[in-house]
Structures are given as C-alpha cells and as structure tokens.
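Chain and residue survey
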Amino acid sequence: MTETRPEKAQRLVDEEQVEIVETDSFATSAFVQGDNGLYAVLLFASGRFNCICKWGTIHWNTDDLCAHALAVKLAMERKDKPC
Ligand SMILES: [Zn+2]
C-alpha cells in the first residue's frame, strides 16, 4: 500500500516522530524520524520548506511540501491547540 504524503505526514505525527527544535518568526527547524532515517527539516514562515529527503532535494524552496515538512506543519498546528 502506498501512502499519500498527507497520510504519511499524519502517521508521523501520530507516532510522535516529529521533534521541533526551534521556532521563530522566520522558520521552524525540526527533526523527523522517517522510514529511512532521520531528516532535518526547515519550514519557513513563507510556506516554503527545506528537507534533506529525496523529494526535498527536488522540491526544496517550493511550497510543495514533502511528508516530513507536512508532518512538522501538522505537529505545530496540534501544539498550538489547547488540550
Ligand atoms: Zn522530507
């Protein structure tokens, strides 16, 4: 079964594989434990991203987020919500 990127991102968040390192007004940096290793992800306030994964090396600096960057985004949205 092949997961879509949003499905994979949601799974990574549910499995708590996202570790947010730092957030400021410019960008959020995080580590995401993916299926094939640990990925360093930067998610910019502009909506663009940078990730060291295969998708990221092709699509970096666009808003076409890889699963890892999407997971960081989801994790941040979850964190902002009151419990
Ligand atoms: Zn990635």
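Structure: above.
My aim in this report is to walk through the structure given alongside it, one point at a time. (Residues numbered from 1 in each chain as written. Predicted model: local features only at pLDDT ≥ 70, side-chain atom pairs only at ≥ 80, totals over all residues.)

Observations regarding the overall build of the chain
- Of regular secondary structure, the chain possesses 3 helices and 4 strands.
- Helices and strands in the chain line up, N terminus first, as α-β-β-β-β-α-α.
- A globule of 83 residues ought to have a C-alpha radius of gyration of about 12 Å, and the chain, at 12 Å, matches this closely.
- Each principal axis of the C-alpha atoms in the chain carries an extent, and together these give about 35 × 25 × 20 Å.
- Looking at the 83 residues of the chain, the share that counts as buried comes to 30%.
- When contacts within the chain are restricted to residue pairs at least 6 apart in sequence, those whose partners lie at least 24 apart make up 38%. (Helix = DSSP H or I, 4+ residues; strand = E, 2+ residues; numbered from the N terminus. Rg over C-alpha atoms; globule rule 2.2 N^0.38 Å. Buried ≥ 20, exposed ≤ 12 C-beta atoms within 10 Å, placed from the backbone. Contact = placed C-beta atoms within 7 Å.)

Regarding the sheet that holds strand β2 (residues 27–34)
- Pairing is antiparallel in the open sheet, where 4 strands are placed in the order β1-β2-β3-β4. For this open sheet the edge positions go to β1 (18–23) and β4 (49–51), each flanked by a neighbour on one side alone. This sheet shows a mean twist of 20° between the axes of neighbouring strands, independent of strand direction.
- Direction of pairing for β2 relative to strand β3 (residues 37–44): antiparallel, over a ladder of 8 bridges. Following the sheet pairing, Ala-27 is matched in β3 by Phe-44. (Pairing = 2+ DSSP bridges. Axes fitted to C-alpha atoms, helices over the stretch in contact; angles between N-to-C directions.)

Examining helix α1 (residues 5–14)
- By the burial criterion, the buried members of α1 are Ala-9, Leu-12 and Val-13. Seen from one end, α1 has its buried residues packed into an arc of 100°, which puts them on one side.
- Considering only its buried residues, α1 is in contact with β1, β2 and α3 (67–80).
- The first or second residue beyond α1 is Glu-16, which carries a positive phi of 55°. (Arc of directions from axis to C-beta.)

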